[in-house]
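Examination of the molecular architecture
Below, each chain spelled out in residue letters.
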Amino acid sequence: MALQASSILPSTLSIHKEGKSSFSLKENGFLGVCLNNHKSDFNPTVLRAKIQFDQKNTAVGPIRAQTAATTPSVTPATPQGKKTLRKGSVVITGASSGLGLATAKALAETGKWHVIMACRDFLKAERAAKSVGMNKENYTIMHLDLASLDSVRQFVDNFRRSGRPLDVLVCNAAVYLPTAKEPTFTAEGFELSVGTNHLGHFLLSRLLLEDLQQSDYPSKRLIIVGSITGNTNTLAGNVPPKANLGDLRGLAGGLNGLNTSAMIDGGEFDGAKAYKDSKVCNMLTMQEYHRRFHEETGITFASLYPGCIATTGLFREHIPLFRLLFPPFQKYITKGFVSEEESGKRLAQVVSEPSLTKSGVYWSWNKDSASFENQLSQEASDAEKAKKVWELSEKLVGLA
Ligand code: LMG
Ligand code: NDP
Ligand code: PMR
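Thresholds applied
- Residues numbered from 1 in each chain as written.
- Chains lettered and ligands numbered in written order.
- Predicted model: local features only at pLDDT ≥ 70, side-chain atom pairs only at ≥ 80, totals over all residues.
- Heavy atoms only, no water.
- Near = heavy atom within 4 Å.
- Polar contact = N/O pair within 3.5 Å; in protein donor to acceptor, adjacent residues only side chain to side chain.
- Areas by Shrake-Rupley, 256 points an atom, 1.4 Å probe, with all protein chains shown as cover.
- Helix = DSSP H or I, 4+ residues; strand = E, 2+ residues; numbered from the N terminus.
- Nonpolar A, V, L, I, M, F, W, Y, C, P; charged D, E, K, R; others polar.
- Buried < 20%, exposed > 50% of the residue type's maximum accessible area, 1.4 Å probe, protein only.
- Arc of directions from axis to C-beta.
- Contact = heavy atoms within 4.5 Å.
- 1 Å grid on protein atoms, 1.4 Å probe; cavity = no way out; pocket = protein on both sides within 12 Å on 5 of 7 lines; lining within 4 Å.
- Points joined across faces, edges and corners; volume = space filled by probe spheres on them.
- Salt bridge = Lys/Arg side-chain N within 4 Å of Asp/Glu carboxyl O.
- Pairing = 2+ DSSP bridges.
- Axes fitted to C-alpha atoms, helices over the stretch in contact; angles between N-to-C directions.
- Phe/Tyr/Trp six-rings, centres within 6.5 Å; stacked < 30°, edge-to-face > 60°.
- Lys NZ or Arg CZ within 6 Å of the ring centre and 35° of its normal.

1. Concerning the site of ligand 1
- Taken together, 14 residues surround ligand 1, and among them Y176, P178, P240, H318 and F329 come closest.
- Between an oxygen atom of ligand 1 and a main-chain N or O atom of P178, the distance comes to 3.0 Å.
- In the environment of ligand 1, an oxygen atom lies 3.4 Å from a nitrogen or oxygen atom belonging to the side chain of H318.
- When the free accessible area of ligand 1 is taken as 1200 Å², the share hidden by the protein chains comes to 49%.
- In terms of residues, the shell around ligand 1 owes the most to one element, helix α10 (residues 320–334), which gives 5 residues.
- Of the residues contributing to the shell around ligand 1, the split by class is 12 nonpolar, 1 polar and 1 charged.

Here it is in structure tokens:
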């Protein structure tokens, strides 16, 4: 194992074999290893931009007729006089399979959370919730198709009408189209992977920021699932095709593949690259949220790499040979494999652990499944790029 690992790592990289160090080969497989010593230039205090709530759709603006949060977050009177926290209310996109479902299950079974499963396939979600034994009183399924901005807006309306507070939002859903020869598109004509994974979540989270702010829950969080494969400071992020947003000319052009490229960097369509680029957008967006809104709102913004969950539906479009070999490859060779259940526990920690309230963090876990703050690649922590992605995305989803 060690031989294989070292043979594919650059000679400049030194790895501690055993260890106390958080970057030992064993602890991270060779998954979390940084391939350079890039120090993040991320300084929330210096870089924090002026709060600028959107005029049309977010924070400021007319107070909604129906108010969401009515339950006080702390109910003081128990017989013992102990203060008890009310049930938290968490929206998880793509909770009908894989990581989202496992997270929904982990949170629901604590009895401390009501999970709103925001899914494009209602029946599938219902069957999935039942199949993992979730108790009806701990979840609600609501329709959301991230590949349609109308659907995103409809979801927000429906959610508000439900009268539930929003304490945590988890942007988890994603599509991965590694074998597609030609791009496919969302309802608004954006390339499907970036359109779903990034733009759909961008609009959803921007609209729901107001609801998060109105929540009286003690720890409000917005979590956007990232990935190692978007980070080129890791081995996994160096498997071609590599993520690269370039100068964002394709994104600026609307990713429609007509008068402009379907790829963010303006290049030829490549489904695997489009997915990895979308993950870079997810991680940049989380940091931009942190810079713009953390200080003002107290909301915790976080991203994470939950581990390689090689058995999920994410690989449904890949060739059968890949689907067969990928799990044992990750289990026995890279050692980056995690079960769906374990990954769900990890994301559930980011949702609810009192120790994970730091904002602006990209969480990862070591071989003992202990969380640590990981470092993002240069591109995925580029504040200038984050700002540009934010501004271009605002235009594309109709917020600017
Ligand atoms: C692109 O190709 C496609 O073009 C694109 O369409 C999309 O699919 C994209 O990321 C997805 O991939 C990338 C291509 C180039 O990668 C491959 O073709 C790799 C195929 C291998 C798939 C990995 C999973 C299966 C591994 C099988 C292992 C079997 C063992 C299991 C049982 C163990 C029991 C004990 O990728 C590259 O060029 C890779 C270059 C990166 C680094 C160097 C590669 C050396 C790899 C050595 C590591 C370990 C050995 C594993 C064996 C690999 C066999 C192919
Ligand atoms: P799955 O395919 O199992 O889950 C993805 C979920 O997203 C499904 O519930 C799917 O719905 C939903 N979804 C897809 N398109 C839409 C849409 N248009 N509208 C609403 N929901 C949609 O994959 P994973 O659980 O593996 O992926 C979850 C997250 O984890 C993703 O963000 C992925 O990038 C990330 N991740 C995964 C890793 C892995 O190794 N698997 C590693 C690192 C990160 P449906 O059930 O209807 O298809
Ligand atoms: Mg990768 C060093 C360890 C490591 C880890 C943690 C992953 C995670 N991968 C690693 C290594 C390698 N992978 C190596 C050495 C290869 C070449 C053989 C390799 C190949 C590979 C392919 C072809 N890996 C892949 C693919 C995919 O199609 C997956 C992908 O890129 O989807 C975008 C994938 C993944 N590897 C991972 C993880 C987590 C994925 C799933 C992608 C994601 O969810 O972001």
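2. Considering the site of ligand 2
- By nearness alone, 32 residues border ligand 2, and S96, S97, N172, Y275 and T312 come closest of all.
- A174 has a polar backbone atom sitting 3.3 Å from an oxygen atom of ligand 2.
- Contacts to ligand 2 include L314, whose backbone N or O atom sits 3.0 Å from an oxygen atom.
- When ligand 2 sits alone it has 900 Å² of accessible area, and the protein chains cover 98% of it.
- Split by residue class, the shell around ligand 2 holds 15 nonpolar, 11 polar and 6 charged.

3. With respect to helix α5 (residues 122–131)
- Taken together, the buried positions of α5 are A125, E126, A128 and A129. In a view along the axis of α5, the buried residues occupy a sector of 165°, so they form one face of it. α5 presents L123, R127, K130 and S131 as exposed residues on the side facing more than 90 degrees away from its buried surface.
- Of the surrounding secondary structure, the elements contacted by the buried residues of α5 are α4 (98–108), β5 (113–119) and β6 (139–143).
- Where α5 starts, the residue carrying a side-chain oxygen 3.3 Å from the main-chain nitrogen of L123 turns out to be D121.
- Of the residues trailing α5, G133 is marked for its positive phi of about 75°.

4. Quick notes on empty space enclosed by the protein
- In the structure shown here, the tally under the stated rule is 2 cavities of 30 Å³ or more.
- Of the pockets and cavities examined, the second largest cavity occupies roughly 40 Å³.
- Residue lining of the second largest cavity: C171, H198, H201, F202, S205, I224, N282 and T285, and that is the complete set.
- For the lining of the second largest cavity, the secondary-structure elements that each account for two or more residues are α7 (192–214) and α9 (271–297).
- Element by element, the count of residues in the lining of the second largest cavity is highest for α7, at 4 residues.
- Residues that form the lining of the second largest cavity fall into these classes: 3 nonpolar, 5 polar and no charged.

5. Side note on the pattern of salt bridges
- For the structure shown, the criterion picks out 18 salt bridges.
- Close ionic contact of K130 with E126 constitutes a salt bridge, the shortest N to O distance being 3.5 Å. One end of the pair is K130 and the other is E126, both in helix α5 and 4 residues apart, which spans about a single turn.
- For E126, a relative accessible area of 16% gives the class buried.
- Notably, a salt bridge pairs D277 with K273, separated by 2.9 Å at the nearest N-O pair. Taken together, the positions of D277 and K273, both in helix α9 and 4 residues apart, correspond to about one turn of that helix.
- Looking at K273, the relative accessible area reads 11%, which means it is buried.

6. Notes on the sheet that holds strand β10 (residues 361–365)
- Taken in spatial order, the 8 strands line up as β6-β5-β4-β7-β8-β9-β10-β11 in an open sheet, and their pairing is mixed. The strands lining the two open edges of the sheet, one partner per strand, are β6 and β11 (371–374). Strand-to-strand twist in this sheet, taken as the mean axis angle between neighbours without regard to direction, amounts to 25°.
- Against the sheet, α4 engages β4 (88–93), β5 and β8 (221–225), with an angle of about 160° to β5.

7. So, the packing of aromatic side chains
- Considering all chains together, one arrives at 12 aromatic pairs under this definition.
- For the ring pair Y289 and W390, a centre distance of 4.9 Å and an interplane angle of 85° mean the geometry is edge-to-face. In this pair, Y289 is assigned in helix α9 and W390 in helix α12 (residues 383–396), connecting sequence segments 101 residues apart. Judged on exposure class, the residue Y289 and its partner W390 are both buried.
- The structure contains a cluster of three or more aromatic residues connected by ring pairs, namely Y176, Y275, F315, F322 and F326.
- Taking the ring centre of F337 as reference, the NZ or CZ of K331 above it sits at 4.7 Å.

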